[in-house]
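Here are the chains, one letter per residue:
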Amino acid sequence: MQISHSTLFSAPTGIVWRVTADVAQWPEWSPTITSISGWGGGDLFQDAQFDLKQPFQRRRSWVLSHCAAPHLLSLRTAEGDMTALHEIIVTESVRCNRLSLQVSGLLGRLARPFISLALQKENAALKSRCESAAATWIFPPRVLHTEITQ
């Protein structure tokens, strides 16, 4: 089962990518991440692994399965039961961040409303973090601030 949430943003794509790719800082801005351990920092690389603690969940090991800067970050749990995608989608008129979580088994069906809410919260926090950073730019790009829920 796949659950996704998308939001439009006005921050430059480079800022959104830098915030997304800075794994060590996720707990500072995302309410859906309590702590990260085992991440040495630095650039993202294939098969990098770290432990992630999220509210109301046990600590899980995640593995970076694919990185296509500055548009896609794909992670999977070490157990292989979940896959997460962070996608930055850019067209001529729209910049969008889409978070997706694919969950196998009964967990996905039972937890769907909670996962959906967590993706919405994480996307809202990412949007806020990136647009706050972009506000310091002299000529910030103008894009409609509208949220889309899928």
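Residue numbers here run from 1 along each chain, matching the order of that chain's written sequence. Selection of residues for local features in this predicted model requires a pLDDT of at least 70, selection of side-chain atom pairs for listing and counting requires 80 or more, and totals for whole chains, interfaces and linings are taken over all residues. In computing side-chain values, all of the structure's heavy atoms are included and hydrogens and water are not.

Caption draft 1: Representation of helix H1 (residues 13-21) in the model. Categorising residues by exposure relies on relative accessible area from a 1.4 Å probe, with only protein chains included: less than 20% of the type maximum marks a residue as buried, more than 50% marks it as exposed, and the intermediate range marks it as partly exposed. Runs of E in the DSSP output that reach at least two residues are strands. Runs of H or I that reach at least four are helices, and both are numbered from the N terminus. A large share of H1 lies buried, amounting to seven of its nine residues. For H1, the full list of buried residues reads Thr 13, Ile 15, Val 16, Trp 17, Val 19, Thr 20 and Ala 21. Should any heavy atoms of two residues lie within 4.5 Å, those residues are counted as being in contact. Buried positions along H1 lie against helix H2 (26-29), strand E4 (60-68), strand E5 (72-77), strand E6 (82-90), strand E7 (95-103) and helix H3 (106-134).

Caption draft 2: Spotlight on the nonpolar core. Definition of nonpolar core: a set of buried residues of the types Ala, Val, Leu, Ile, Met, Phe, Trp, Tyr and Cys, connected through side-chain atoms within 4.5 Å. Trp 26, Leu 44, Phe 50 and Trp 62 are the most contacted members of the largest nonpolar core, which totals 34 residues. For this core, the element with the highest residue contribution is H3, accounting for seven residues. Setting aside residues up to four positions removed in sequence, Trp 62 forms contacts with Ala 48, Gln 49, Phe 50, Leu 52, Leu 75, Arg 76, Thr 77, Met 82, Ala 84 and Leu 101.

Caption draft 3: Just H3, in detail. Any helix carries an expected span of 1.5 Å times its number of residues minus one. A rise of 1.5 Å per residue sets the reference length of H3, with its 29 residues, at 42 Å; its end C-alpha atoms lie 40 Å apart and thus fit the reference within 8%. Residues of H3 that are buried: Gly 108, Ala 111, Ile 115, Leu 119, Glu 122, Asn 123, Ala 125, Leu 126, Lys 127, Cys 130, Glu 131 and Ala 134.

Caption draft 4: Highlighting the side chain of Glu 122. Of note, Glu 122 is situated in helix H3. Counted as positive: Lys and Arg. Counted as negative: Asp and Glu. His and the chain ends are not counted at all. Salt bridges, as used here, are contacts in which a Lys or Arg side-chain nitrogen is within 4 Å of a carboxyl oxygen on Asp or Glu. Comment: no salt bridge for buried Glu 122; closest opposite-charge side chain is Lys 121, at 11 Å. Here Glu 122 is in contact with Trp 29, Ser 30, Thr 32, His 86 and Leu 99, once residues within four sequence places are set aside.

Caption draft 5: Representation of the pairing of E5 in the model. Bridging between E4 and E5 involves six bridges; their strand directions are antiparallel. Looking across to E5, one finds that Trp 62 is bridged to Thr 77. Note on pairing: DSSP must find at least two bridges between two strands before they are called paired. The turn linking E4 back onto E5 is made up of three residues. Sheet analysis places E5 next to E6, joined by five bridges and oriented antiparallel. Within E6, the position partnered with Ser 74 by the bridge is Leu 85. Where E5 folds back onto E6 in an antiparallel hairpin, the turn is made up of four residues, including Gly 80, whose phi is positive at roughly 80 degrees.

Caption draft 6: Just the state of the cysteines, in detail. The disulfide criterion used throughout: a pair of cysteine sulfur atoms within 2.5 Å. Per the counting criterion, the structure on display carries zero disulfides. For the unlinked cysteine Cys 96, the closest cysteine sulfur is that of Cys 130, found at 13 Å. We classify Cys 130 as buried; its relative accessible area is 2%.

Caption draft 7: Summary view of the pattern of salt bridges. According to the stated counting rule, one finds five salt bridges in the structure shown. The closest approach of N and O atoms between Arg 58 and Glu 79, which form a salt bridge, is 3.6 Å. In this pair, Arg 58 is assigned in the loop between strand E3 (49-53) and E4 and Glu 79 in the loop between E5 and E6, connecting sequence segments 21 residues apart. One salt bridge connects Arg 60 with Asp 81, and the closest N-O pair in it is separated by 3.3 Å. Placement of the pair is Arg 60 in strand E4 and Asp 81 in the loop between E5 and E6, with a sequence separation of 21 residues. The class of Arg 60 is buried, set by a relative accessible area of 9%. Here the residues in one salt-bridge network are Arg 58, Arg 60, Glu 79 and Asp 81, joined through shared partners.

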